[in-house]
Amino acid sequence: ATEHVSQLQPLLVIRYRNQLRAEGLASRSANLVVDNLRSMLGWAHDCGLIATNPLSRIRRLPDGAGHQRCVRRALSEEEITRFLVAAEADDHDASRIWASRGGGLANHRARSLRIPQAPLWRAFLETGARWSELTRTPWADVDTQRRTLLLRAENTKAKRRRIVPLGRKLLSELEGLWELQAQALGREVQLADPVFRTPEGACWS
């Protein structure tokens, strides 16, 4: 600890910043602590209260995307169940409100129909696919006989096609989704159509 600014050495501040990092603080947050102190001393120097700013030459820690700490973990079975239950409840409530307001596809006799989103969330959880992989998947890539979903190479990060299995519950939801989309669109669903659409029935961008 120091009692006077003249005793404040850059090495002491660097050690304190390192201690913050060791305790789990992110680089960006640790930098902010030093930045605030440096700014305060810079103001004091500009006002003539101190002769120099002892922290003016301390370099910031790299805190870009490549240096950020991201703690990832998988959802527990209980969390997955609660999430899907909440998604289904949201679909139910939103569809009821949607119908009462006549929302949906404009100038369409079935515009009161809302496309449920719970099947999309279940598909993410069961297949482990990325956003672009699922939202660009056409109905042609759903094999109901083999209960599989094809992820095309042009849509995957590794540029390799993958075939992932579909659970019975998800497959049942997809079959219901096919019928609901036909009603919402007012036409037969084409194999080239996307499996997953926005609540309004549009394609995901």
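Remember, it's a predicted structure, so these values are computed and weren't measured experimentally. (Residues numbered from 1 in each chain as written. Predicted model: local features only at pLDDT ≥ 70, side-chain atom pairs only at ≥ 80, totals over all residues. Heavy atoms only, no water.)

A. Layout of the overall build of the protein. For the protein, the count of helices and strands is six helices and three strands. Going from the N terminus to the C terminus, the protein shows its helices and strands as α-α-α-α-α-β-β-β-α. Once local pairs closer than 6 in sequence are excluded, the contacts in the protein between residues at least 24 apart make up 54%. When the accessible surface of the protein is totalled, it reaches about 13600 Å², and 52% of it is carbon and sulfur. (Helix = DSSP H or I, 4+ residues; strand = E, 2+ residues; numbered from the N terminus. Contact = heavy atoms within 4.5 Å. Areas by Shrake-Rupley, 256 points an atom, 1.4 Å probe, with all protein chains shown as cover.)

B. Examining the sheet that holds strand β1 (residues 142-143) more closely. Taken together, three strands build an open sheet; the order of strands is β1-β2-β3 and the sheet is antiparallel. Of all strands in the sheet, those bounded by a partner on one side alone are β1 and β3 (162-165). Looking at chain direction, β1 and strand β2 (residues 148-151) are connected through two bridges and run antiparallel. In the strand pairing of β2, V142 is matched with L149. (Pairing = 2+ DSSP bridges.)

C. Here's a closer look at the pattern of salt bridges. Under the definition given, this model contains 16 salt bridges. Through salt bridges with shared partners, a single network forms among E88, R122, E126, K169 and E173. (Salt bridge = Lys/Arg side-chain N within 4 Å of Asp/Glu carboxyl O.)

D. Here's a closer look at the nonpolar core. Counting 20 residues, the largest nonpolar core has L134, W139, V142, L149, L166, L174 and F196 as its most contacted members. Of all elements in the fold, only α4 (118-127), β2 and α6 (168-185) reach the threshold of two or more residues within this core. If one sorts the elements of this core by residue count, α6 sits on top with five residues. Leaving out residues up to four positions away in the same chain, V142 has contacts with T148, L149, L166, L174 and V195. Membership of the second largest hydrophobic core comes to eight residues, among which are V13, L41, I50 and L55. (Core = buried A, V, L, I, M, F, W, Y, C linked by side-chain atoms within 4.5 Å. Buried < 20%, exposed > 50% of the residue type's maximum accessible area, 1.4 Å probe, protein only.)

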